[in-house]
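Observations on the three-dimensional arrangement
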Amino acid sequence: MTSITNELRRQVIERAGNCCEYCLLSQDDNFFSFHIDHIISEKHGGVTESHNLSLSCPNCNTFKGSDIGSIDSQTGLLTPLFNPRLQQWVKHFHLGNGMIEPLTPEGRVTVFLLRLNQADRVFERQELMSLGRYPCPTKGYFEA
Ligand SMILES: [Zn+2]
């Protein structure tokens, strides 16, 4: 594992607006520090450079692990995960009452693999929505 400099970490956090770039949770609302995610894991040749890094909450990052794709339930095809550097969140997901609904094959495999709609996570989002604290105003969400 290549170490990530403090400067690179700061850049990734700032670019993400302190939000998980997969589930749009704010680091401010999480007890545990967010992770710097290698979008393409080092295991698959991904580099430790800004264009391959994203900010990820511990849940998303743990479920993602070193995976870069999964089998799409509708097409049966091996499909890459949503890439927050190359793709826009709003084109791949729709947020409905705490549920993250996939709009594309990439969205479907990401919802599935990262367990974005696990009951406790949906409940947490609904609670944060009622407080006006979700979704986190990440750049990718609002740039439609
Ligand atoms: Zn997340």
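Our structure's up above, just so we're on the same page.
Residues numbered from 1 in each chain as written. Predicted model: local features only at pLDDT ≥ 70, side-chain atom pairs only at ≥ 80, totals over all residues. Heavy atoms only, no water.

Attention now goes to the overall build of the protein. Summing up its helical and strand segments, the protein has 6 helices and 6 strands in all. Counting helices and strands in the order they occur from the N terminus, the protein gives α-β-β-α-β-β-α-β-β-α-α-α. Since a compact globule built from 144 residues should have a radius of gyration of about 15 Å, the 14 Å found for the protein is in line with a globular shape. Its C-alpha atoms give the protein principal-axis dimensions of about 40 × 40 × 25 Å. Looking at the 144 residues of the protein, the share that counts as buried comes to 45%. (Helix = DSSP H or I, 4+ residues; strand = E, 2+ residues; numbered from the N terminus. Rg over C-alpha atoms; globule rule 2.2 N^0.38 Å. Buried < 20%, exposed > 50% of the residue type's maximum accessible area, 1.4 Å probe, protein only.)

As a further point, take the packing of aromatic side chains. The full count for this structure, using the stated rule, is 4 aromatic pairs. Seen from their ring centres, Phe31 and Phe32 are 5.1 Å apart, and the 90° between their planes marks the pair as edge-to-face. Residue Phe31 shares its accessibility class with Phe32, and that shared class is exposed. Pairing Phe82 with Phe93 gives two aromatic rings, centres 5.1 Å apart and planes at 80°, and the pair type is edge-to-face. You can see Phe82 sitting in the loop between strand S4 (78-80) and helix H3 (89-92) and its partner Phe93 sitting in strand S5 (residues 93-96), a full 11 residues away along the chain. (Phe/Tyr/Trp six-rings, centres within 6.5 Å; stacked < 30°, edge-to-face > 60°.)

Further remarks concern the coordination of the zinc ion. Reference values for angles at a metal are 109.5 degrees in the four-donor tetrahedral case and 90 or 180 degrees in the six-donor octahedral case. At this site the zinc ion is bound by Cys20 (SG), Cys23 (SG), Cys57 (SG) and Cys60 (SG), with donor distances of 2.3 to 2.4 Å. Around the zinc ion sit 4 donor atoms; with metal-centred angles ranging over 103 to 116°, the donor geometry is tetrahedral. Sequence spacing among the residues donating to the zinc ion works out to C-x2-C-x33-C-x2-C. Classification of Cys57 by relative accessible area gives buried; the value is 2%. Looking at Cys60, the relative accessible area reads 0%, which means it is buried. (Donors = N, O, S within 2.8 Å, 3.2 Å for Na, K, Ca; no water. Tetrahedral: all angles 85-135°; square planar, octahedral: opposite > 155°, others 65-115°.)

The subject of this paragraph is the pattern of salt bridges. Counted by the stated rule, this structure contains 6 salt bridges. The closest approach of N and O atoms between Arg85 and Glu21, which form a salt bridge, is 2.6 Å. Here Glu21 lies in the loop between helix H1 (6-15) and strand S1 (35-38) and Arg85 lies in the loop between S4 and H3, a separation of 64 residues in the sequence. In this structure, Arg133 and Asp29 form a salt bridge, with 2.6 Å as the shortest nitrogen-oxygen distance. Of this pair, Arg133 sits in the loop between helix H5 (119-130) and helix H6 (139-142) while Asp29 is found in the loop between H1 and S1, placing the two residues 104 residues apart along the sequence. By sharing partners, the salt bridges in this structure join Glu7, Arg10 and Glu14 into a single network. (Salt bridge = Lys/Arg side-chain N within 4 Å of Asp/Glu carboxyl O.)

For the rest of this paragraph, the subject is empty space enclosed by the protein. Applying the stated criterion across every chain, the model contains 1 cavity of 30 Å³ or more. It is H5 that contributes the most residues to the lining of the largest cavity, 3 residues altogether. The class makeup of the residues in the lining of the largest cavity is 3 nonpolar, 1 polar and 3 charged. (1 Å grid on protein atoms, 1.4 Å probe; cavity = no way out; pocket = protein on both sides within 12 Å on 5 of 7 lines; lining within 4 Å. Points joined across faces, edges and corners; volume = space filled by probe spheres on them. Nonpolar A, V, L, I, M, F, W, Y, C, P; charged D, E, K, R; others polar.)

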